[in-house]
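Okay, here's what each chain looks like letter by letter:
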Amino acid sequence: MNVSITNSTQRFTHNTAPSIYTIAQLTELVNGDILAGRKQDALSTLAQLQDATHRLEMQIHNMKDKSHG
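Quick caveat: nothing in here was measured; it's all calculated off a predicted structure.

Trainee: What is the right way to read the nonpolar core from this model?
Mentor: If you look at soluble globular proteins, the nonpolar side chains tend to sit buried side by side. By size, the foremost hydrophobic cluster in this structure holds 7 residues: Ile 23, Leu 26, Val 30, Ala 42, Leu 49, Ala 52 and Leu 56. The element that contributes the greatest number of residues to this core is helix H2 (residues 39-68), accounting for 4 residues. Not counting residues up to four positions away in its chain, the partners in contact with Ala 42 are Val 30, Asp 33 and Ile 34.

Trainee: Can you help me understand the layout of surface pockets in this one?
Mentor: Empty space among the atoms can be located by rolling a probe the size of a water molecule over them. Here the largest pocket is characterised by a volume of approximately 250 Å³. Lining of the largest pocket is provided by Ser 8, Arg 11, Phe 12, Asn 15, Ile 60, Met 63, Lys 64, Lys 66 and Ser 67. Where the lining of the largest pocket is concerned, the elements lending two or more residues are helix H1 (3-35) and H2. A per-element tally of the lining of the largest pocket places H2 first, with 5 residues. Partitioning the lining of the largest pocket into residue classes produces 3 nonpolar, 3 polar and 3 charged.

Trainee: Help me understand the pattern of salt bridges, please; the structure alone is not making it clear to me.
Mentor: Two side chains bearing opposite charge may form a pair once their charged atoms approach each other closely. A complete count under the given rule lists 2 salt bridges for this structure. Residue Asp 33 pairs with Arg 38 through a salt bridge whose shortest N-O separation is 2.8 Å. The class for Asp 33 is buried, based on a relative accessible area of 7%. Between Asp 41 and Arg 38 there is a salt bridge whose closest N-O contact spans 3.5 Å. Exposure remark for Arg 38: the relative accessible area of 39% places this residue in the partly exposed category. When salt bridges that share partners are traced, they join Asp 33, Arg 38 and Asp 41 into one network.

Trainee: Can you walk me through the environment of Asp 51 in this structure?
Mentor: Position of Asp 51 among the secondary structure elements: in helix H2. Residue class for Asp 51 comes out partly exposed when judged on its relative accessible area of 45%. Taking the C-alpha atoms as reference, Asp 51 lies 9.4 Å from Ile 23; in sequence the two are 28 residues apart.

Trainee: How do you make sense of H2 when you look at a structure like this?
Mentor: Since there are 3.6 residues in each turn of an α-helix, residues three or four apart along the chain are aligned in direction. Taking 1.5 Å as the rise per residue, H2 with 30 residues should run 44 Å; its terminal C-alpha atoms sit 43 Å apart, in good agreement. Every buried residue of H2 is listed here: Ala 42, Thr 45, Leu 49, Ala 52 and Leu 56.

Conventions and cut-offs
- Residues numbered from 1 in each chain as written.
- Predicted model: local features only at pLDDT ≥ 70, side-chain atom pairs only at ≥ 80, totals over all residues.
- Heavy atoms only, no water.
- Core = buried A, V, L, I, M, F, W, Y, C linked by side-chain atoms within 4.5 Å.
- Buried < 20%, exposed > 50% of the residue type's maximum accessible area, 1.4 Å probe, protein only.
- Helix = DSSP H or I, 4+ residues; strand = E, 2+ residues; numbered from the N terminus.
- Contact = heavy atoms within 4.5 Å.
- 1 Å grid on protein atoms, 1.4 Å probe; cavity = no way out; pocket = protein on both sides within 12 Å on 5 of 7 lines; lining within 4 Å.
- Points joined across faces, edges and corners; volume = space filled by probe spheres on them.
- Nonpolar A, V, L, I, M, F, W, Y, C, P; charged D, E, K, R; others polar.
- Salt bridge = Lys/Arg side-chain N within 4 Å of Asp/Glu carboxyl O.
- Expected span 1.5 Å × (residues − 1).

The following block contains the structure:
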């Protein structure tokens, strides 16, 4: 396997893992809020989930820009 691809994949995983973990936690929370019938809590958690997802998308976009620039 190409070493540069391996290093790039490792950096990508290392850099995005905290964001992905946060998204997973928020997904669990929003599901729990929904199942428990806590509509306002679910909406609040869903907004946090949307923000975290947007941050991850921007992080990935910036990493792609750096790799191509």
